[in-house]
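Breakdown of the fold
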Amino acid sequence: MPKKIGRPTDNPKGKSIHVRLDKKSEEILEMYCNEYQVNRAESIRRGIGKLESDLKNK
């Protein structure tokens, strides 16, 4: 098989999820995206990173 063409990355993102948000959660997410100039996916990854730190502190 030929190698896939595209931008190489050290951290491929092969998993996809779908989440339904309530109005308040969506507003918080949008405010965070605007404040830090990141897209929704990156914001959610950062949130998951904070969950990991909570687990380590437990």
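Placed above this text is the structure.
So, how was this worked out
Residues numbered from 1 in each chain as written. Predicted model: local features only at pLDDT ≥ 70, side-chain atom pairs only at ≥ 80, totals over all residues. Heavy atoms only, no water. Helix = DSSP H or I, 4+ residues; strand = E, 2+ residues; numbered from the N terminus. Expected span 1.5 Å × (residues − 1). Polar contact = N/O pair within 3.5 Å; in protein donor to acceptor, adjacent residues only side chain to side chain. Buried < 20%, exposed > 50% of the residue type's maximum accessible area, 1.4 Å probe, protein only. Axes fitted to C-alpha atoms, helices over the stretch in contact; angles between N-to-C directions. Parallel < 35°, antiparallel > 145°, perpendicular 65-115°, else oblique. Contact = heavy atoms within 4.5 Å. Nonpolar A, V, L, I, M, F, W, Y, C, P; charged D, E, K, R; others polar. 1 Å grid on protein atoms, 1.4 Å probe; cavity = no way out; pocket = protein on both sides within 12 Å on 5 of 7 lines; lining within 4 Å. Points joined across faces, edges and corners; volume = space filled by probe spheres on them.

The next subject is helix α1 (residues 23-36). Look at α1: 20 Å from first C-alpha to last across 14 residues, which is about the 20 Å you get at 1.5 Å a residue. Downstream of α1 by one or two residues, Gln 37 has phi in the positive range, about 50 degrees.

The next thing to look at is the environment of Thr 9. Mapped onto the elements, Thr 9 comes out in the segment before α1. A distance of 3.1 Å separates a polar side-chain atom of Thr 9 from the backbone nitrogen of Asn 11.

A separate point is unusual backbone geometry. Phi at Gln 37 is positive, roughly 50 degrees, even though this residue is not glycine. Along the chain, Gln 37 turns up in the loop between α1 and α2 (40-56). Overall, Gln 37 belongs to the exposed group, its relative accessible area being 67%.

Further remarks concern the packing of α1 against α2. α2 packs onto α1 with a crossing angle of 105 degrees between their chain directions and a minimal axis gap of 10 Å. One way to sum up the angle between α1 and α2 is to call them roughly perpendicular. Counting all contacts with α1, which are made through Glu 26, Leu 29, Glu 30, Tyr 32, Cys 33 and Tyr 36, the residues of α2 involved are Arg 40, Ser 43, Ile 44 and Arg 46. Of the residues belonging to the contact of α1 with α2, the class tally is five nonpolar, one polar and four charged.

Looking at the largest pocket, its volume works out to about 530 Å³. Ile 17, Ala 41, Ile 44, Arg 45 and Ile 48 are the residues nearest the centre of the largest pocket, which is lined by 15 residues in total. Put simply, the parts of the chain that give the lining of the largest pocket at least two residues each are α1 and α2. When its residues are assigned to classes, the lining of the largest pocket shows eight nonpolar, three polar and four charged.

Considering the arrangement of structural elements, one finds Ser 43 in helix α2. Accessibility expressed as a relative area gives 7% for Ser 43, which makes it buried. When sequence neighbours within four positions are dropped, the list of residues in contact with Ser 43 reads Leu 29, Tyr 32, Cys 33 and Val 38.

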